[in-house]
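Descriptive analysis of the structure
This is what each chain is made of:
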Amino acid sequence: MKLSIIIPVYNVEQYLKRCLDSIFQQDVSEYMYEVIIVNDGSPDNSELIILPYLKEHSNIVYLKQANKGLSSARNVGLEKATGDYIWFIDSDDAASVDSIKSIIYFCGQYPNSDFLIFDDIHYYMDTSSQIYWKSCNERLSILFPFLKKKVYLKGLQREEATNRLKSAICQLFVYKKSFLHRHNLKFVEGIIHEDDEIRLRVFFFAKEIRYINCSPYVYTMLRPGSITSLTQLPSLKSVKSWLVILKSWSTFKTKNVVSNADLRFINDFLVQIYTKLILLKLSPKGSDLYEIYMKNQISWKNEFRKVWIKSNISLISLCRYLVVLYCPGLYKYLNINGLLSLLRNK
């Protein structure tokens, strides 16, 4: 078994050595993995940092291209990968100690799973502190402890796996390469939130998914200039990406739905995008975002109603549906953190 680690590189000279050292300092044979570094036209000194590693390690594949964005760099790396499994690492993040050995072990333990979902470590640059972060939502297991065991120790189908997922970032997923190739799963280029877009398609086709309570990934929180830090608040680029994702998912639905379960599953995702768009109503009046909302609100709300009525409806989804349409200002309180914030303010 071989693991392919794909690392896109763009404007990360300050963090790149930390990333590469976290991989190559691990106690595991380099025959067990390859590292595919894709220089996405980085204008800084990243290449000067990469070159010494090429001389020291025979399992590196180094690729260069003109700047085309994160999705393109990942797709290029995926095309060149020769491993059985794929793991994406962003070059401003890092691998945790013994992570490669752990991933290879768990992939061997669960060969029938199309992909594994891991926890991660959140590293806060401003305080040099870190916390363990679970990718699996355990709110229900607080009341029903047996559910925790059920999630972590058995293969899951797409509905249960997505219902328990807290984060869509692909760095926490380790994919079977044959699964990605069989369904032609690649990242949509030219957008941000590319991890959100591909999430629907990988879950849709998956027959078995497993959560692993192990944290191979160290996620750098909000470095200046990162895509994540630039999109904490809605922006025009975010809205444009949401609209591209909406079109992509709608096209995917037309081509792939063969059952009511398929329809409800995809509509659950479409509800999420329409929710984000309708909540643009909360943008400052007179702003570009507010004007976009005013121009599109009728069509967005009509489509929101259509997809919601044919989604997986529950009491919670009904509450969200009513709040989004009629009291969007209350939406932020429809989770535990929001309710705690409301109580503190009182």
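What you see is a predicted model, and the numbers here were worked out from it, not measured in a lab. Here the residue numbers are simple positions, counted from 1 along each chain's written sequence. Reporting of local features is limited, given that this is a predicted model, to residues whose pLDDT is at least 70; pairs of side-chain atoms are given and counted only at 80 or more, and all residues count toward the totals for whole chains, interfaces and linings. In computing side-chain values, all of the structure's heavy atoms are included and hydrogens and water are not.

**As for unusual backbone geometry**
Glycine aside, residues mostly have negative phi angles, and peptide bonds mostly take the trans form. In this model, Asp98 sits at a positive phi of 65°, which is unusual for a non-glycine residue. Relative to the helices and strands, Asp98 is located in the loop between strand S5 (94-95) and helix H4 (99-109). Unlike most non-glycine residues, Asn184 shows phi in positive territory, near 50°. Runs of E in the DSSP output that reach at least two residues are strands. Runs of H or I that reach at least four are helices, and both are numbered from the N terminus. As for its position among the elements, Asn184 is in the loop between helix H8 (177-182) and helix H9 (194-205).

**Examining the pairing of strand S3 (residues 60-65)**
In this scheme, strands are said to pair when DSSP sees at least two bridges between them. Bridge count between strand S2 (residues 33-40) and S3: six bridges; the pairing is parallel. The residue bridging Val38 from the neighbouring strand is Leu63, located in S3. Handedness of the crossover joining S2 and S3 through helix H2 (residues 46-56): right-handed. The handedness rule is simple: strands pointing away from the viewer, and a clockwise path from the first strand over the helix to the second, make the crossover right-handed.

**A closer look at the pattern of salt bridges**
Any carboxyl oxygen of Asp or Glu that lies within 4 Å of a side-chain nitrogen of Lys or Arg is treated as forming a salt bridge with it. Tallied over the full model, the rule gives twelve salt bridges. Between Lys2 and Glu34 there is a salt bridge, with the nearest N and O atoms lying 3.8 Å from each other. Separated by 32 residues along the polypeptide, Lys2 in the segment before strand S1 (3-9) and Glu34 in strand S2 bring together distant segments of the chain. One salt bridge in this structure joins Arg74 and Asp195, with 2.6 Å as the shortest N-O distance. Of this pair, Arg74 sits in helix H3 (residues 70-80) while Asp195 sits in helix H9, and the two are 121 residues apart along the sequence.

**Comments concerning the environment of Arg164**
Turning to its location among the elements, Arg164 is positioned in the loop between helix H7 (158-163) and strand S8 (173-176). Taking the C-alpha atoms as reference, Arg164 lies 8.2 Å from Ser135; in sequence the two are 29 residues apart.

**Some points on the nonpolar core**
Side chains of nonpolar character tend, in soluble globular proteins, to be buried together. Each nonpolar core is a collection of buried residues, namely Ala, Val, Leu, Ile, Met, Phe, Trp, Tyr and Cys, held together in the definition by side-chain atoms within 4.5 Å. Three exposure classes are used, based on accessible area relative to the maximum for each residue type with a 1.4 Å probe and protein chains only: buried under 20%, partly exposed in between, and exposed over 50%. In terms of nonpolar packing, the biggest core is built from 95 residues, with Leu3, Ile5, Ile23, Trp87, Phe115 and Phe203 touching the most fellow members. Ranked by residues supplied to this core, first place goes to helix H12 (residues 260-278) with nine residues. Residues are treated as being in contact if the distance between any of their heavy atoms lies within 4.5 Å. Ile23 has contacts with Ile5, Ile7, Tyr33, Val35, Ile89, Ala95 and Ile100, leaving out every residue within four places of it along the chain.

**A few points about the packing of aromatic side chains**
Ring pairs are drawn from Phe, Tyr and Trp, using the six-membered ring of Trp, whenever the two centres fall within 6.5 Å, and their geometry is named by plane angle: stacked under 30 degrees, edge-to-face over 60, tilted for the rest. Tallied over the entire structure, the rule returns 22 aromatic pairs. Taking 5.2 Å as the distance between ring centres and 70° as the angle between the ring planes, the aromatic pair formed by Tyr105 and Phe106 counts as edge-to-face. Given the relative accessible area of 48%, Tyr105 is considered partly exposed. Pairing Phe115 with Tyr175 gives two aromatic rings, centres 5.8 Å apart and planes at 55°, and the pair type is tilted. Of this pair, Phe115 sits in strand S6 (residues 115-124) while Tyr175 is found in strand S8, placing the two residues 60 residues apart along the sequence. Tyr175 carries the same exposure label as Phe115, and that label is buried. Through successive ring pairs, a cluster of aromatic residues spans Phe88, Phe115, Phe173, Tyr175, Phe179, Phe187 and Phe203. By the criterion adopted, a ring carries a charge over it if an Arg CZ or a Lys NZ lies within 6 Å of its centre and within 35 degrees of its normal. Its guanidinium or amino end placed over the ring of Phe187, Arg74 lies 5.0 Å from that ring's centre, counting from NZ or CZ. Looking at Lys166, its charged tip hangs above the ring of Trp133, at a distance of 4.7 Å from the centre.

**A short note on helix H13 (residues 288-309)**
Take the residue count of a helix, subtract one, and multiply by 1.5 Å to get its expected span. For H13, which comprises 22 residues, the first-to-last C-alpha distance of 30 Å matches the rise-based estimate of 32 Å (1.5 Å per residue) to within 8%. Two axes are fitted around each residue, one to the seven residues ending there and one to the seven starting there, and the angle between them is reported as the bend at that residue. For H13, the principal kink sits at Asn296 and spans about 65°. For H13, the full list of buried residues reads Leu289, Tyr290, Tyr293, Gln297, Trp300, Lys301, Phe304, Val307 and Trp308. Those residues of H13 that are buried lie in contact with helix H11 (236-256), H12 and helix H14 (315-326).

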